[in-house]
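# Structural features, examined
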Amino acid sequence: MRETDKQIATHQLKCISKIKMFLLALMCAYVSKTLSGSFLNSILTQLERQFNLSTTLVGLINGSFEIGNLLLMIFVSYFGTKMHRPMLIAMGCMTMGVGCFLQSLPHFLMDPYEYETTVSKTSNSSSNNFLCMRKEIQIFTPTEDPSECTNEVKSSMWLYVLVGNIIRGIGETPIKPLGISYIEDFAKTENSPLYIGCLETGAIIGPLIGFLLGSFCVKMYVDIGSVNTDELVITPTDTRWVGAWWLGLLVCAGVNVLSGVPFLFLPKSLPKVGLETNVNIIEEDERHETKEEKRDITIDFLPLMKSLFCNRIYVLFLVTSILQFNAFVIMFSFLPKYMEQQYGISASEAIFLMGIYNLPPVCFGYLAGGFIMKKFKINMKQAAYVAFCISLLDYLLNMLCFLTVCDNSPISGLTVSYEGTQQNVYMERNVLADCNIDCNCQDKIWDPVCGENNLSYMSACLAGCEAYFGTGVNMGFQNCSCIKSSRNASASLGLCGSRPGCALMLQYFLILSAFSSFIYSLAAIPGYMVFLRSLKPKEKALGVGLHMLCTRILAGIPAPIYFGVLIDYTCLHWGTLRCGKSGACRIYDSINFRTIYLGLSAFLRGVSYIPALLIVFILRKQFHPDESNTAVMEVVVKRKENPDKEINIQTIYLKENEIQTKF
């Protein structure tokens, strides 16, 4: 008898150790997958400029990750639980590494990046046709040389990024559903919220590293090492700047491959921690379950699907998640672009601020939410109340972001007239005026300069400048007829800085974002536990996978695309390529951009509280927490009275969950 007790104690320690090893490995996998995902989100504007894409196509690239998920989601979620789950997760991590490497390939296959400018080609020569030439008709026009136009076809290499993202999505598929179901199956029930909180924390550490990596890479020029950066006439704040996006993808590829290695050494299954009887019974149960799995691997699929869609809590949570995820994808994917356009900061600074202000509060919120669930043993009904109230508070707080306004820096001919008066940005745009109409300027080229009157102009020629001095980013212009000034009417390269109040508004926006992120994540763990506790043990892997599938089909894929279409309508000026085709957008209407970005997200989140409120009402009427506690106590008493009696563990789990989901 003592020898048996020792065997049980030893086996319990091994089980606890292995489940913690699995948790640690899964946290690393969460870090690696979210690292690569957040890094890609941070370089979307760089890809847009590198390949001269519209925001719609950038949204397609962003959504292609979800397309990869869809290809294997249901298969992995259902059949994956019958297979070696750690091994499948290892294969997924390594597949993600291959996808990241494929995404970086275009940089090594393409010619050096060429940005739209007239100055860079002539600043070190005697030619000055980028100035106002009132006597000579010598203007820059887009070339129609077939050989040069052929080079632009290489921009189709963005398809490598698209396909690589699909492959990365395929690799990510098994990590969450199989990982969570493994923990739910083999960890103590009261520890699950804390463990899932740890996973969500790992899912925040990854983006934090990803955004810091993105900020670092974007600050470096894309062709660093192969071009002389001293000859550049653009800076990181310029909308034509492209950072070293490919470098971070190589880092992500290596991290993803390494994160899959620990899973190769983990077992297919473990006994439920805290409910072991003896080693022989456990092994016999595992053999019995394996036979049952082989027999029922396909038979019970349709009944499980029917059971899921007859579960009102599950269906309502699914609808809530789809609406919330639409808003989240929009907010998260385009936040760096919004901060660039709204507050006039560089892409590197926007990515850095997003990571520093948003992700640490989310991390603390997840940990706090998991700790509260474990400490106070919050049941399903209480968790629904907590999640709804806290999330609603975050929604109301987030509405204050509408007050953090900052308009476009005035650009003559686009947002204001040449006299500096406001004009309709869509109806009254006229880049030519009396001061530059005889300068023979190209009116589509984006090579902005800032006049000493604090007005920006699309080019030195359109500013009426007739002379220049200096080279590179230090180049300046003089005798500019369109610049009304008491001095020598000079200008410098680049757009003028943001208006004085924008820096303060940016701080308010970041502080609101930090508080909002903490409050939102605080509600996430209670809400997710309502979702998990509404499922029976056999339904969990399929339920989690189906949840991920639906949110990707109805949110992850379409949200960045339809939002990209809406954002493209707010573009004020598109770049011009060699052959006269349109390139990436150079500047947006900040007012309409803000209205769409904040307004659409607020609308989607607002609608999501309708099904969420229905969940609270259903649980308020029909959930009886005392029944669940009684079921657990009965199991404990039976074990004390009959320590040697065989108990069907799967039946106990099922009974407990049937009590919780009895509607």
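Our structure's up above, just so we're on the same page.
This report concerns the structure included in the present document. (Residues numbered from 1 in each chain as written. Predicted model: local features only at pLDDT ≥ 70, side-chain atom pairs only at ≥ 80, totals over all residues. Heavy atoms only, no water.)

## A few points about the overall build of the protein chain
Convention followed: For helices the rule is a DSSP run of H or I covering at least 4 residues; for strands it is a run of E covering at least 2, with both sets numbered from the N terminus onward. The buried label goes to any residue with under 20% of its type's maximum accessible area, the exposed label to any with over 50%, and the partly exposed label to all in between, with areas taken from a 1.4 Å probe on protein chains only. Here a residue-residue contact requires only that any non-hydrogen atoms of the pair lie within 4.5 Å. Shrake-Rupley sampling with a 1.4 Å probe provides the accessible areas, and residues are treated as covered by the protein chains on show and by no other component.
Looking only at helices and strands, one finds 20 helices and seven strands in the protein chain. Taken across its 663 residues, the protein chain has 56% of its residues classed as buried. Sequence separation of 24 or more characterises 81% of the internal contacts of the protein chain that already satisfy a separation of 6 or more. Accessible surface for the protein chain amounts to roughly 28,500 Å². Of this, 63% is attributable to carbon and sulfur atoms.

## What to know about the pattern of salt bridges
This is how the line gets drawn: In what follows, salt bridge is the name for a side-chain nitrogen of Lys or Arg lying within 4 Å of a carboxyl oxygen of Asp or Glu.
Within the structure shown, the criterion is met by eight salt bridges. A salt bridge links arginine 49 to glutamate 340, with the nearest nitrogen and oxygen atoms 2.9 Å apart. Placement of the pair is arginine 49 in helix H2 (residues 44-50) and glutamate 340 in helix H12 (residues 312-343), with a sequence separation of 291 residues. No difference in accessibility class separates arginine 49 from glutamate 340, as the two residues are buried. The residue aspartate 394 makes a salt bridge to arginine 605 at a minimum N-O spacing of 2.7 Å. One end of the pair, aspartate 394, is in helix H14 (residues 380-398); the other, arginine 605, is in helix H18 (residues 590-622), and 211 residues separate them in sequence. Taken together, the shared-partner salt bridges connect Lys33, Glu66, Glu172 and Arg552 into one network.

## Thoughts on the sheet that holds strand S3 (residues 467-469)
Applied cut-off: By the convention used here, strands pair only if DSSP detects at least 2 bridges between them.
In spatial order, the strands read S2-S1-S5-S4-S3; together these five strands make up an open sheet with antiparallel pairing. Each end of this open sheet is capped by a strand with a single partner; those strands are strand S2 (456-457) and S3. When S3 meets strand S4 (residues 476-478), the two strands line up antiparallel, connected through three bridges. Each bridged residue has a counterpart across the sheet, and for phenylalanine 469 the counterpart in S4 is glycine 476.

## Regarding the environment of lysine 337
Position of lysine 337 among the secondary structure elements: in helix H12. On a C-alpha basis, the gap between lysine 337 and threonine 45 in space is 6.8 Å, while along the polypeptide they are 292 residues apart. Discounting chain neighbours no more than four positions away, the residues touching lysine 337 are Thr45, Glu48, Thr55, Ile567, Tyr588 and Phe593.

## Side note on helix H17 (residues 558-568)
Counted only if it meets this: Our arc is simply the arc of the directions from the helix axis toward the C-beta atoms.
Considered for burial, the residues of H17 that qualify are Ala559, Pro560, Phe563, Gly564, Ile567 and Asp568. Seen along its axis, H17 keeps its buried residues to an arc of 155°; they face one direction.

## Considerations on a positive patch on the surface
The criterion, for reference: To count toward a patch, a residue needs a relative accessible area above 30% and no salt bridge. Like charges then connect within 9 Å, nonpolar side chains (Val, Leu, Ile, Met, Phe, Trp, Tyr) within 5 Å. Asp and Glu count as negative and Lys and Arg as positive, but His and the ends of the chain are not part of the count. Every charge is mapped onto a representative atom, which is NZ of Lys, CZ of Arg, CG of Asp or CD of Glu.
On the surface, Lys188, Lys374, Lys375 and Lys377 cluster together into a patch of positive charge. Tracing the backbone through its elements, the reader meets lysine 374 in helix H13 (residues 347-375).

## Looking at the pairing of strand S6 (residues 571-576)
Buried residues dominate S6, accounting for five of its six residues. Here S6 runs beside strand S7 (residues 582-588); their pairing, made up of four bridges, is antiparallel. Residue pairing across strands places cysteine 571 opposite tyrosine 588, the latter belonging to S7.

## Notes on the packing of helix H11 (residues 301-309) against helix H16 (residues 540-556)
Quick reminder of the rule: Lines fitted to C-alpha atoms define the axes here, with helix axes fitted over just the stretch in contact, and angles between the N-to-C directions of these axes take values from 0 to 180 degrees. Throughout, the term roughly parallel applies to angles under 35 degrees, roughly antiparallel to angles over 145, roughly perpendicular to angles from 65 to 115, and oblique to all others. Handedness of a crossing is defined here by the sense of rotation of the near helix relative to the far one, left-handed for an anticlockwise turn of less than a right angle and right-handed for a clockwise turn. In the scheme used here, Gly and all other residues not listed as nonpolar or charged are polar, with Ala, Val, Leu, Ile, Met, Phe, Trp, Tyr, Cys and Pro taken as nonpolar and Asp, Glu, Lys and Arg as charged.
Running from N to C, H11 and H16 cross one another at 65°; their axes reach a closest spacing of 10 Å. In terms of orientation, H11 and H16 fall into the roughly perpendicular class. Regarding H11 and H16, the two cross each other, and that crossing is right-handed. Between H11 and H16, the contacting residues are Phe301, Leu304, Met305, Leu308 and Phe309 on the first element and Leu542, Gly543 and Leu546 on the second. Here the contact of H11 with H16 is composed, by residue class, of seven nonpolar, one polar and no charged.

## Considering the state of the cysteines
How we decide: Disulfides are defined as pairs of cysteine sulfur atoms found within 2.5 Å of each other.
For the coordinates displayed, the defined rule picks out seven disulfides. Shown here is the disulfide that connects cysteine 465 with cysteine 480, its sulfur atoms set 1.9 Å apart. Looking down the S-S bond of the cysteine 465 and cysteine 480 bridge, the torsion is 100°, so its handedness is right-handed. Of this pair, cysteine 465 sits in the loop between S2 and S3 while cysteine 480 sits in the loop between S4 and strand S5 (491-493), and the two are 15 residues apart along the sequence. Overall, the relative accessible area of 0% leaves cysteine 465 in the buried class. In this model, cysteine 571 is linked to cysteine 585 through a disulfide, with the two sulfur atoms separated by 2.0 Å. Handedness of the cysteine 571-cysteine 585 disulfide follows from its S-S torsion of about 105°: it is right-handed.

## With respect to the packing of aromatic side chains
Heads up, the condition is: Think of it this way: a Phe, Tyr or Trp ring, Trp meaning its six-membered ring, pairs with another when their centres are within 6.5 Å, and the plane angle makes it stacked under 30 degrees, edge-to-face over 60, tilted otherwise. A positively charged side chain is recorded as over a ring if its NZ (Lys) or CZ (Arg) lies within 6 Å of the ring centre. The angle to the ring normal must also be within 35 degrees.
Applying the stated criterion to the full structure yields 21 aromatic pairs. Between phenylalanine 325 and phenylalanine 328, the aromatic rings sit 6.2 Å apart at their centres with planes inclined by 20°, giving stacked as the arrangement. Of this pair, phenylalanine 325 and phenylalanine 328 both sit in helix H12, three residues apart, roughly one helical turn. Classification of phenylalanine 325 by relative accessible area gives partly exposed; the value is 22%. According to the relative accessible area criterion, phenylalanine 328 is partly exposed, its value standing at 40%. Ring geometry for tyrosine 588 and phenylalanine 593: centres 5.5 Å apart, planes at 85°, overall edge-to-face. For the pair formed by tyrosine 588 and phenylalanine 593, the shared burial category is buried. Taken together through their ring pairs, the aromatic side chains of Phe334, Tyr338, Tyr343, Phe509, Phe563, Tyr588, Phe593 and Tyr597 make up a single cluster. One residue, lysine 33, lies across the ring of tyrosine 30, its end atom 4.9 Å from the ring centre.

## Quick word on the side chain of threonine 239
The cut-off we apply is this: Between N or O atoms, a polar contact is any pair within 3.5 Å; within protein, one atom must be a potential hydrogen donor and the other a potential acceptor, and residues adjacent in sequence are included only when both atoms are from side chains.
Mapped onto the elements, threonine 239 comes out in the loop between helix H8 (192-219) and helix H9 (245-259). A distance of 3.4 Å separates a polar atom in the side chain of threonine 239 from a polar atom in the side chain of tryptophan 446. Within the local environment of threonine 239, its side chain forms a polar contact with the backbone oxygen of arginine 586, the two atoms lying 3.4 Å apart. Setting aside chain neighbours within four positions, we find threonine 239 in contact with Arg49, Gln341, Trp446 and Arg586.

## Quick look at the packing of H12 against H18
Helix packing geometry: the angle between the two helix axes and the distance between the axes. Look at H12 against H18: their axes get within 9 Å of each other, and the N-to-C directions meet at 160°. The orientation of H12 with respect to H18, classified from their angle, is roughly antiparallel. Every pair of crossing elements has a handedness; the one defined by H12 and H18 is left-handed. Grouping the constituent residues of the contact of H12 with H18 by class yields 24 nonpolar, nine polar and four charged.

## Thoughts on unusual backbone geometry
Positioned with a positive phi, asparagine 52 is a non-glycine residue whose angle comes to about 55°. As for its position among the elements, asparagine 52 is in the loop between H2 and helix H3 (55-79). By relative accessible area, asparagine 52 is classed as partly exposed at 23%. For asparagine 440, which is not glycine, the phi dihedral falls at a positive 60°. By relative accessible area, which is 26% here, asparagine 440 ends up partly exposed.

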